[in-house]
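# Inside the fold
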Amino acid sequence: MRHIMEGRMFLVGLFLACAGMAGCGLCTPVPKETGEVPVVERPVEEPPPAPAPVVEPPPVVAPVEPPPVVPPAVVKAIQDLGDKYPGLFTFDPEKGMFHFQSDITFDSGSSVVKSGAKAALTKLAEILSGDEAKDRALTIIGHTDSDRVGKASTIAHLRGLGKSPDNMGLSEARAEAVAAVLQAGGIDAARMTTQGKGQTEPVADNHTPAGKAQNRRVDIFLTPMTNPGT
């Protein structure tokens, strides 16, 4: 009986000791349920990335070779014509340029085309009127040396044409005379343009006879027409 009483007293003392201690697990009250549902935070979903734009490759364009300034068949015909009239003109097929020597084409101080040069220009008109060259325009430019026009006959001739009695007037008259022969040979006047440069564009020294002879010239340039057939 004594032992039982001592055991009970021990338990009562232990209980009282626990009640006075903080954080005792045996005496921690159980929290009551409040009925609230805990909020669970969900991660924010990032929008899917936009698809990369589709870049179409540029179309492959084959390079277009420009047509020759003068077709080969026309070049051959012009070269054959030059062989028949040696010294009258030179021809550069890459530039499409004729260079007529004025001393062979005209008498001194005159804008009347000599007979031999007239025959060659008439043949040239036939060549340039063919199917392979009829879409080419002709720019005809007259040039002189630096010697001033002094002959009375030349001055009267230029005034009769309505030109100024100087190198500029003489170069204009000679360019127009060449165009008139080409037109008579069959080239449409609408294909031709004439200009006079006088002594302003020398190609050689005007202080020597040889240089002056080179500067007295008529140049003809062939170029594709802007609106062929109109």
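### Section: the packing of helix α2 (residues 72–84) against helix α4 (residues 115–128)
Remark: α2 packs on α4, axes separated minimally by 10 Å, with the N-to-C direction vectors making an angle of 170 degrees. For the element pair α2 / α4, the angle class is roughly antiparallel. Judged by residue contacts, Val 74, Ala 77, Ile 78 and Leu 81 of α2 engage Ala 120, Lys 123, Leu 124, Ile 127 and Leu 128 from α4. Within the contact of α2 with α4, the residues separate by chemical class into eight nonpolar, no polar and one charged.

### Quick look at the pattern of salt bridges
This structure, assessed with the given rule, holds eleven salt bridges. Close ionic contact of Asp 135 with Arg 136 constitutes a salt bridge, the shortest N to O distance being 2.6 Å. Taking relative accessible area as the criterion, Asp 135 reaches 30% and is therefore assigned partly exposed. Among the residues examined, Arg 136 registers a relative accessible area of 7% and is labelled buried. A salt bridge links Asp 147 to Lys 212; the nearest nitrogen and oxygen atoms lie 3.0 Å apart. One end of the pair, Asp 147, is in the loop between β3 (136–143) and α5 (152–160); the other, Lys 212, is in helix α7 (residues 209–215), and 65 residues separate them in sequence.

### Some details on the nonpolar core
Across soluble globular proteins, nonpolar side chains have a tendency to be buried as a group. Phe 98, Phe 100, Leu 124, Ile 140 and Leu 182 are the most contacted members of the largest nonpolar core, which has 33 residues in total. Elements with a contribution of two residues or more to this core: α2, β1 (89–92), β2 (97–101), α4, β3, α6 (167–184) and β5 (217–224). Among the elements that line this core, the one with the most residues is α4, at seven residues. If we skip the residues at most four places from it in the chain, Phe 98 touches Ile 78, Phe 89, Thr 90, Phe 91, Leu 124, Val 218, Asp 219, Ile 220 and Leu 222.

### Notes on the pairing of β1
Residue alternation in β1 divides its side chains into a buried set, Phe 89 and Phe 91, and an unburied set, Thr 90 and Asp 92. Pairing analysis gives four bridges linking β1 to β2, with the strands arranged antiparallel. Following the sheet pairing, Asp 92 is matched in β2 by Met 97. The hairpin turn running from β1 into β2, its antiparallel successor, is four residues long, and Gly 96 in that turn takes a positive phi close to 65 degrees.

### Brief notes about the environment of Thr 154
Checked against the element boundaries, Thr 154 lands in helix α5. For the pair Thr 154 and Ser 110, spaced 44 residues apart in the sequence, the C-alpha separation amounts to 6.3 Å. Not counting residues within four places of it along the chain, the set of residues in contact with Thr 154 comprises Gly 109 and Val 149.

Quick notes on the rules
Residues numbered from 1 in each chain as written. Predicted model: local features only at pLDDT ≥ 70, side-chain atom pairs only at ≥ 80, totals over all residues. Heavy atoms only, no water. Axes fitted to C-alpha atoms, helices over the stretch in contact; angles between N-to-C directions. Helix = DSSP H or I, 4+ residues; strand = E, 2+ residues; numbered from the N terminus. Parallel < 35°, antiparallel > 145°, perpendicular 65-115°, else oblique. Contact = heavy atoms within 4.5 Å. Nonpolar A, V, L, I, M, F, W, Y, C, P; charged D, E, K, R; others polar. Salt bridge = Lys/Arg side-chain N within 4 Å of Asp/Glu carboxyl O. Buried < 20%, exposed > 50% of the residue type's maximum accessible area, 1.4 Å probe, protein only. Core = buried A, V, L, I, M, F, W, Y, C linked by side-chain atoms within 4.5 Å. Pairing = 2+ DSSP bridges.

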